[in-house]
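In case you want the letters, here they are:
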Amino acid sequence: MIRTTPFHPRLSELNTEGLYTHWQGHLSPLRYTHAPKHEYFAVRNSVGVFDTSPLYKYRITGPDAERLLAGALVRDIRSCRPGKAQYTIWCDDRGFVMEDGVVFRHSESDFLLTAARPNLAWFQALAGSLRVSLEDVSDDHGILAVQGPRSRAVLRELVPEVERLGFFDHTVAKVGSAAVTLSRTGYTGDLGYEVSVDADQAVEVLDAVLDAGRAHSLRPFGEEALMMLRIEAGLPLVDVEWRNSRVAFSDAERVTPKELGMGWMLRGVRDGDRPFVGRDAIRRELVDGTSRWATVGVVVDWADWDRLHRAAGLLTVKDEHPLPYESVLYSDSADSGDSADSVDQIGYATSLMYSPVLQRHVGLARVRPAFAEPGTPVRLETSLLHHNTTVAASTTSLPHFNPARKTAKP
Amino acid sequence: MTTSDRTTSEAAAAGTAAYDAIVVGAGHNGLVNGAYLAKAGLRTLILERRHLVGGAAITEERHPGFSFTTFSYALSLLRPEIVQELDLVRHGFMPLMMPSSFHPTGDGDYLLLGDDDAQNVQEIRRHSPHDADAYERYHHDLDRVCQAIQPLFDNAPPDVFGKDPEDQADVKWLLDHLGGVDRKVMHDVVRLLTGSAADWLDDYFENEAVKGFHASSSIIGSKVGPMSPGSALVLLFHKMGQHDGHLGAWAFHKGGNGGFTQVLARAAEAFGAEIRLEAPVSSVLTREGRTQGVVLEDGTELTAPVVVSALDPRRTFLELVDPRELPYDLVDNVSRMKFRGVSAKVNFALDGLPVFPALPDTVDHFGGFLNIGPTLEYMERAFDAAKYGWYSERPFIDAALQSVVDPDMAPPGKHVMSCFVQYAPYELRGSDWESERDRFGDTAQAVLESHFPGFGDLVLHREVVTPLDIERHTGLTEGNIFAGEFLAPQMYFFRPAPGWSRYATPVEGYYQCGSGTHPGGCVIGSPGRLASRRILRDLQR
Ligand SMILES: Cc1cc2nc3c(=O)[nH]c(=O)nc-3n(C[C@H](O)[C@H](O)[C@H](O)COP(=O)(O)OP(=O)(O)OC[C@H]3O[C@@H](n4cnc5c(N)ncnc54)[C@H](O)[C@@H]3O)c2cc1C
C-alpha cells in the first residue's frame, strides 16, 4: 500500500492535478498546478514549500555516536558542532559512493541523519559494540522545506530564531504549540530552510507556514520543479547521477567521491589519521590520481542548438523538464552533425534541462579528467527527427546557479 | 570629453572626436544598440533626456512600496539572441513565467488558460466543443506562419530599390526564402498581413468568447478594431515573440519592464558604454552631409563620427536634423506616417486582490494577462468611439497584477495592477486630456468594478497615463506605443519610409535604431541590434 506523509491531508487539498509519483513508498506530488515551471519560479523569485518527509531519518545517540559517524561518513563529523549540520556521503570499502544525506548534530551525543534509502542495518553493523543507539525515526517527523528568497521573511513571522541561522545551522524552536527543528538547509540551491516537526503536529505547522506565506505568493512545489532547481544547483541525485555501489552490478555504474564532484569533502583525507569506511581506497585514488571521471557542468551552445532546430524545420525547443535519460558527450574533434561514433566518447551527461533563470540548456555531466577544465568544448549527443546528432556544448564549473543569498550571513 | 577650445567640426575632422558613436535616447533600443557598439569596441555614449533609462519600458515607485510599470508591462518579443549576445543573465535578466491567461466572458463565466495544452483544450471545449480542436489547429497554423516569417523578422529588410549586387543578393535571399514556404502557410501569411482579426478568427472559431480572447492582441496600440483590415497583422506581430521557446507566450520581467531596461543599462556599461542621464539632445551636427556629433539642449557639443537616433521617425528626421537637408520624399513620407496613439494606462495600487465572483477563493487566475474584452463586438464597439475622436465608454482593458508572480512589486499582501486601456485617441474632439483625465480613469475603473465587484474599495492609488503623457514622457509621437503604427505600408521595407528601412539615413554617419525601424515596436530590441550590425559593417568599409 502506498503511504502518505504527515502533510498530505492539507497538501493534497492544494493539489489541483492529482499527479503523484512514488517516492520511497510515499505519494509525492509531481506538481500541484498545471504549471510546474511556475512552482519553480516561486522558489527562484518568492517562496515555495516542498514535502520532503519521505526521506529516511535515523536518530543516533550515545557516548560513541560521534565515533560511529566519524568512522562511517566521508566528512569528518568531529568538525560539526552542535547546532550545525553537514551534507555528507558514505562509501563502501572500495571507496565507491553508496549514498548521501544530511547529518544534524543536536548535542555531543545526539545526531539525526537523513538518507534517501534504508540504511539502518549498515550503520548497525558498523556500530558493533560501540555505546550507541540507532533508531529509525522516519515516520515520527514530517519535514517541510521552505525555499526561496522570501523563505526567511515568511518564517520570521513564526520563528524569530530564523534570523540567526547561518548556512547549515539549525535550532529547536516553536511554531505555535509545536516543537520544531528549523535548519537552513535544502535541495534547491537557494536561500531556504527545512522545518522538521512531529507527525501529529505537521498539519498545524504547515497551516501556519501557508498563512504566513500567503502575502508572499508562497506556493507548494512538486518533484518536477525540484528537479529543475537541483540541477541548476549542481546537486546530484542517487540513481540519476550515480548508482548506490551496494546495488550496482558493474564498476562502470559506480563512482568515487572525487568522481562525483565531492572532492571538496576529502580535505584532510590524504594526510589525516581518521579511519572511515573506504578511506584507504580513496587515499590511493588521490595519491595515484586514478580517478576515471570528473563531474562538471555542461552548457549547450545556444546558437548551435538553435541552428540545429531551424535546419530541421522545427521550432527551437527549450524544455525545462529534465531529460529522463543520459546523453553521451563526445570530444569536440569528433565530426559535428553525424555519426555518434563511440571512439570519441569522453563522458556523459546525467541530467540535462533548459534553465529558465540561466536561459541556457545546462546539465550535470561526468567527463574524462582531461576534459574537466571549465570551458572545454565538447559535443553532446541529441536526437532530432529520429536521427542521432550532436550539438556543441562546453564544460563549466558547478553549481550553475548560485545566488549570494543562499549562503549569505544573516 | 570635449575640449572646450576646439570646435566640434575641427575635432571631427582631426579624428579626435570624443566618442566613436553617440546614441540619442536610452529607451531599450538605444541601450541595445549602444551595448552592441560598445561590445564591438567603440567608445560609445548614450544620451538620455530623462532622469532614468528605459523610455517606454520603465518601472517607477509611484506610491510608496508599489512599483508601477508606467507604460509597457510585459515581455515576449525580445529576441533571444540579444539575451545571449549581450550576456544579460549575468546582469539580472529574469523573465518570470505567466502561468495563466484570464478572460472573463462578460456573463459571469470566464476562460482560464494555462500551461497545460490538454487542459486548455478542455477549457475551450467547456465553451464550445467545436472550438476545441479548432484551438489546436489555430495555434499550429499560426506557429507555422511565425516560423516562415521569422527570418524576415530577424534580418534587415533587403533594399528592393537598390541596384548594387549586394542589394540584389539580399532580394534573392528573400525570394528564395519565400519560394520555400509551404502554399498554405504563404496564403495564411497574406491573410494575416492584409485581413482583419475577425475574419481570420471566424475561420476557426464559433464561440464569441473564444474569438474575443484571441482577438485581444489584434488591437494593441493600433487605431483598428478587430473587424478592421490590418488588425490581423497586429495579432501576428504579437505572436512573433516567445517565452523560453513557446511562441506567442509572454512573461513579466523581474521588476517590470523597467527591471529589464536596468539590466540592459548594466550590460551596456559593462561593455564600456557611457550613459548620461538628463542630457537631452537638441540636434545632430552635420557638415556637408556628414555627421559631426550632437548638441545638447544646454549647448554642449559632443563629437562623434557616428550618431544613432533611437527616437521615433518624426524626431529622427524632422527634429534632430534639418529636414531641408533631407530628400523631399523621405520628409514627405515621415510627415505622413501614421502614429495616431489610441492607448492609455490606468495603473493601480491595491490593498488586496480583486475578487472575481465565479472564482472567489483562488489566486491562480491572476498569474498573467487579465483580459477585459469579452467579445469581438465588445472590442469593435469600444473602437467606434475612437473613430469619432472620443474614448470608449466601455473600454478594452489588458490588465496584469504583476505582484502576484513578482511579490517584490508591492508590499506583502498588496498588489499593483497595470491596466492598458483602449481606446483613448490622442486627439479628443471638443475636449482635451487634462480635462478628461479623471473621467477617463473613472470609466476604466467602472469596467473593472463590473467584473470585480468591490474593486473600488481596494484602490489605494490610481494613476492615469494618457496618450499625451506617453508622448510627453517618452517622446513617442502622438503617444503611439510602437513609434509608428503597424500598418502594412509602414512595415518591413517601408518602415519608416521606402528606401530607408536599413537603419542608415541620407546623412552619412547618422543612423536610426528606434521602434520606427524594422521590425517595429514592442520591447523587442531588434531595431537596436540590426542597426548596430549595419553601423559596424559600414565602419569596416
Ligand atoms: C503604454 C505602453 C504600453 C506598452 N506595453 C508594452 C508591453 O507590455 N510589451 C511590449 O513589448 N511593448 C509594450 N509597449 C511598446 C514598447 O514599450 C515600445 O515600443 C518600446 O519600449 C519603444 O522602445 P524604443 O527604445 O524604441 O523607444 P522609447 O522607449 O520611446 O525610447 C526613447 C528614449 O529616448 C529618449 N529621448 C527622447 N527624446 C530625446 C532627446 N531629444 N534626447 C535624448 N533622449 C531623448 C526618451 O526619453 C526615451 O527614453 C508599450 C508602450 C506603451 C507606451
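Remember, it's a predicted structure, so these values are computed and weren't measured experimentally.

Conventions we followed
- Residues numbered from 1 in each chain as written.
- Chains lettered and ligands numbered in written order.
- Predicted model: local features only at pLDDT ≥ 70, side-chain atom pairs only at ≥ 80, totals over all residues.
- Heavy atoms only, no water.
- Domains from an automatic or database assignment.
- Contact = heavy atoms within 4.5 Å.
- Buried area = accessible area lost by both parts, 1.4 Å probe.
- Salt bridge = Lys/Arg side-chain N within 4 Å of Asp/Glu carboxyl O.
- Polar contact = N/O pair within 3.5 Å; in protein donor to acceptor, adjacent residues only side chain to side chain.
- Nonpolar A, V, L, I, M, F, W, Y, C, P; charged D, E, K, R; others polar.
- Buried < 20%, exposed > 50% of the residue type's maximum accessible area, 1.4 Å probe, protein only.
- Helix = DSSP H or I, 4+ residues; strand = E, 2+ residues; numbered from the N terminus.
- Arc of directions from axis to C-beta.
- Pairing = 2+ DSSP bridges.
- Axes fitted to C-alpha atoms, helices over the stretch in contact; angles between N-to-C directions.
- Expected span 1.5 Å × (residues − 1).
- Near = heavy atom within 4 Å.
- Areas by Shrake-Rupley, 256 points an atom, 1.4 Å probe, with all protein chains shown as cover.
- Parallel < 35°, antiparallel > 145°, perpendicular 65-115°, else oblique.
- Left-handed = near helix turned anticlockwise from the far one by under 90°.

### What to know about the domain arrangement of chain A
All names here are of chain A.
Part 1 of the argument: Partitioning chain A into structural domains gives domain 1 (8-56 + 139-221) and domain 2 (294-396).
Part 2 of the argument: Taking the mean C-alpha position of each, domain 1 and domain 2 sit 34 Å from one another.
Part 3 of the argument: Each side of the interface is counted separately: domain 1 has six residues, and domain 2 has five residues.
Part 4 of the argument: Each partner contributes to the roughly 410 Å² buried at the junction of domain 1 and domain 2, and carbon and sulfur atoms together form 69% of this total.
Part 5 of the argument: Our count for the domain 1 to domain 2 interface comes out at zero salt bridges.
Part 6 of the argument: Counting across the domain 1 and domain 2 interface gives one residue pair in polar contact (both at pLDDT 80 or more).
Part 7 of the argument: Taken together, the residues of the side of domain 1 that touches domain 2 sort by class into three nonpolar, no polar and three charged.

### Overview of helix α8 (residues 279-288) of chain A
Residue and element names in this part refer to chain A.
Part 1 of the argument: Along α8, the residues that are buried comprise R279, A281, I282, E285 and L286. Viewed along the axis of α8, the buried residues span an arc of 165 degrees, placing them on a single side of the element. Facing away from the buried side of α8, by more than 90 degrees, are the exposed residues R284, V287 and D288.
Part 2 of the argument: Contact partners of the buried residues in α8: β5 (85-91).
Part 3 of the argument: One or two steps after α8, the chain reaches G289, where phi turns positive at roughly 65 degrees.

### A word on the sheet that holds strand β2 (residues 44-47) of chain B
Residue and element names in this part refer to chain B.
Part 1 of the argument: Taking strand neighbours across the sheet as the criterion, the five strands line up as β11-β2-β1-β15-β21 in an open arrangement whose pairing is parallel. Bordering the open sheet on either side are β11 (274-276) and β21 (510-512), each of which pairs with just one other strand. Ignoring strand direction, the axes of neighbouring strands in this sheet form an average angle of 20 degrees.
Part 2 of the argument: The pairing of strand β1 (residues 21-24) with β2 spans four bridges and is classified as parallel. Bridge pairing in β2 places A21 opposite T44.
Part 3 of the argument: Against the sheet, helix α18 (residues 526-540) touches β15 (306-309) and β21, its axis set at about 155 degrees to β21.

### Description of the interface of chain A and chain B
Part 1 of the argument: Contacts between the two partners involve 30 residues from chain A, matched on the other side by 35 residues from chain B.
Part 2 of the argument: Both sides of the chain A and chain B interface together cover about 2,700 Å² of buried area, and 50% of this is carbon and sulfur.
Part 3 of the argument: When residues of chain A are sorted by the area they lose upon contact with chain B, H34(A), N45(A) and Q359(A) head the list and together hold 22% of the total.
Part 4 of the argument: Counting across the chain A and chain B interface gives four salt bridges.
Part 5 of the argument: Of the charged contacts in the structure, one is a salt bridge between D408(B) and R150(A), with a shortest N-O distance of 2.5 Å.
Part 6 of the argument: Between chain A and chain B we count 17 residue pairs in polar contact (both at pLDDT 80 or more) in total.
Part 7 of the argument: Of all the secondary-structure elements, those providing two or more residues to the side of chain A that touches chain B are α2 (36-45) and α9 (302-311) of chain A.
Part 8 of the argument: For the side of chain A that touches chain B, the residue count by class is 10 nonpolar, 10 polar and 10 charged.

### Here we look at helix α11 (residues 256-270) of chain B
Residue and element names in this part refer to chain B.
Part 1 of the argument: Taking 1.5 Å of rise per residue, the 15 residues of α11 would be expected to cover 21 Å, and the 22 Å separating its terminal C-alpha atoms lies within 8% of that figure.
Part 2 of the argument: Among the residues of α11, G256, N257, G258, G259, F260, T261, V263, L264, A265, A267 and A268 are the ones counted as buried.
Part 3 of the argument: Contacts made by the buried residues of α11 are with α2 (28-39), β2, β10 (251-253) and β11.
Part 4 of the argument: At the exit of α11 stands G272, carrying a positive phi of roughly 105 degrees.

### Considerations on the pattern of salt bridges
Part 1 of the argument: Enumeration over the complete set of coordinates arrives at 69 salt bridges over all chains.
Part 2 of the argument: Salt-bridge contacts for D64(A) lead to R131(A); the nearest nitrogen and oxygen are separated by 3.2 Å. Taken together, the residues span a long stretch of sequence, with D64(A) in the loop between β4 (56-61) and α3 (65-72) and R131(A) in the loop between α4 (120-127) and β8 (133-136) at a distance of 67 residues.
Part 3 of the argument: Under the relative-accessibility criterion, D64(A) is labelled buried at 8%.
Part 4 of the argument: Take R131(A): its relative accessible area is 53%, and that puts it in the exposed class.
Part 5 of the argument: Taken together, the salt bridges that share partners define one network made up of D141(B), K184(B), D188(B), R191(B) and D203(B).

### What to know about the pairing of β5(A)
Residues and elements named next belong to chain A.
Part 1 of the argument: Within β5, seven of the seven residues are buried, leaving the element largely enclosed by the surrounding structure.
Part 2 of the argument: What you see with β5 is no split at all: A85, Y87, I89 and C91 on one side and Q86, T88 and W90 on the other are buried throughout.
Part 3 of the argument: Strand direction decides the pairing type here: β5 and strand β6 (residues 97-107), joined by seven bridges, are antiparallel. Bridging from a neighbouring strand, T88 pairs with G101 of β6.
Part 4 of the argument: What sits between β5 and β6 in their antiparallel hairpin is a turn of five residues, with G95 showing a positive phi close to 75 degrees.

### Section: the site of the ligand
All names here are of chain B.
Part 1 of the argument: Around the ligand sit 33 residues in total, of which E48, A74, I481, S515 and V523 are the nearest.
Part 2 of the argument: Interatomic distance of 2.9 Å between a side-chain N/O atom of N29 and an oxygen atom of the ligand.
Part 3 of the argument: Here V281 contributes a backbone N or O atom positioned 3.0 Å from a nitrogen atom of the ligand.
Part 4 of the argument: Notes on the ligand: free accessible area 1,000 Å², of which the protein chains cover 96%.
Part 5 of the argument: Contributions of two or more residues to the shell around the ligand are made by α2 and α17 (467-474).
Part 6 of the argument: In terms of residue class, the shell around the ligand is built from 18 nonpolar, 11 polar and four charged.

### Focus on the packing of α3(A) against α4(A)
All names here are of chain A.
Part 1 of the argument: Following both chains from N to C, one finds α3 and α4 inclined at 110 degrees, their axes separated by 10 Å at the closest point. Between α3 and α4, the angle falls in the class roughly perpendicular. Crossing angle aside, the handedness with which α3 passes α4 is right-handed. From α3, L68, L69 and A72 reach across to α4, where they touch W122, F123, L126 and A127.

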